[in-house]
Amino acid sequence: MPIQTADLCDAHEDKVSVLAPMFRSFGGRSAFGGVISTLKLFEDNSLVRKALESAGNGRVLVVDGGASMRCALVGDQLAELGVKNGWAGIIVYGCIRDSKAIGDMDLGVFALGTHPRKTVKRNTGEVDLAVTFGGVTFTPGHYAYADEDGVIVSATALI
């Protein structure tokens, strides 16, 4: 079944939270959804690599990068790991880079924007905790769905 967030909102209005319209779609997969895994970090993508090196099993990686616009948290090499390891998509509350290459990959990637600078590597951050931005809380084990109309979150699977 194709993911259409507008239809999911209509059918499950009382079960979904809708993220504020702040993201752009950069990935080659324009619609995606799955179980949420989360990271909370700031200008250090070491944990992003570690997460994407693991089996994705169709999950959605939500990266709370504190809305930093000073460097990119995901680039083409990390996105390629996501494709290789079966992630459905990545939602980055921050920036990505290598957007042209990522646009050719079978991976959903939403981010605030792009930035050419890479991050520092300090191995800092937190894994699998509830993170909140854009008026929505992303809880590990809940579900995120994204398409051209936006991002929605539900405690239960909608499709």
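Here, the structure is the one placed above.
Rules used in this analysis
Residues numbered from 1 in each chain as written. Predicted model: local features only at pLDDT ≥ 70, side-chain atom pairs only at ≥ 80, totals over all residues. Heavy atoms only, no water. Buried < 20%, exposed > 50% of the residue type's maximum accessible area, 1.4 Å probe, protein only. Helix = DSSP H or I, 4+ residues; strand = E, 2+ residues; numbered from the N terminus. Pairing = 2+ DSSP bridges. 1 Å grid on protein atoms, 1.4 Å probe; cavity = no way out; pocket = protein on both sides within 12 Å on 5 of 7 lines; lining within 4 Å. Points joined across faces, edges and corners; volume = space filled by probe spheres on them. Nonpolar A, V, L, I, M, F, W, Y, C, P; charged D, E, K, R; others polar. Core = buried A, V, L, I, M, F, W, Y, C linked by side-chain atoms within 4.5 Å. Contact = heavy atoms within 4.5 Å.

### Some words on the pairing of strand 11 (residues 143-147)
Burial runs high along strand 11: four of the five residues are buried. Judged from the four bridges that link them, strand 3 (residues 32-40) and strand 11 form a sheet pairing that is antiparallel. Looking at strand 11, one finds that glycine 33 is bridged to tyrosine 145. Between the antiparallel neighbours strand 11 and strand 12 (residues 150-154) lie two residues.

### Some points on the layout of surface pockets
If you add up the space inside the largest pocket, you get close to 190 Å³. If you go around the largest pocket, you meet 14 residues; those closest to its centre are Asn45, Gln77, Leu78, Arg97 and Lys121. Elements represented by at least two residues in the lining of the largest pocket include exactly strand 5 (72-74) and helix 3 (76-84). Classifying every residue of the lining of the largest pocket gives four nonpolar, four polar and six charged.

### With respect to the nonpolar core
Ranked by internal contacts, the top residues of the largest apolar core, which has 23 residues, are Val48, Leu61 and Val74. The set of elements that each furnish at least two residues to this core consists of helix 2 (46-53), strand 4 (60-64), strand 5, helix 3, strand 6 (89-96) and strand 7 (108-114). Element by element, the count of residues in this core is highest for helix 2, at four residues. Those residues in contact with leucine 61, other than ones at most four positions away along the chain, are Ser37, Leu39, Val48, Ala51, Leu52, Trp87, Gly89, Ile90 and Ile91. Among the nonpolar cores identified, the runner-up in size contains 19 residues, and Val60, Val62, Val131 and Phe138 belong to it.

### Regarding unusual backbone geometry
In the Ramachandran plot, asparagine 57 falls in the positive-phi region, its phi being about 50° despite a non-glycine side chain. Along the polypeptide, asparagine 57 turns up in the loop between helix 2 and strand 4. The class for asparagine 57 is exposed, based on a relative accessible area of 68%. The phi angle at asparagine 123 is positive, at roughly 60°, despite the residue not being glycine. Note that asparagine 123 resides in the loop between strand 7 and strand 8 (126-127). The exposure class assigned to asparagine 123 is exposed, which follows from its relative accessible area of 57%.

Fair warning: the whole summary comes from geometry, so function is off the table for now.
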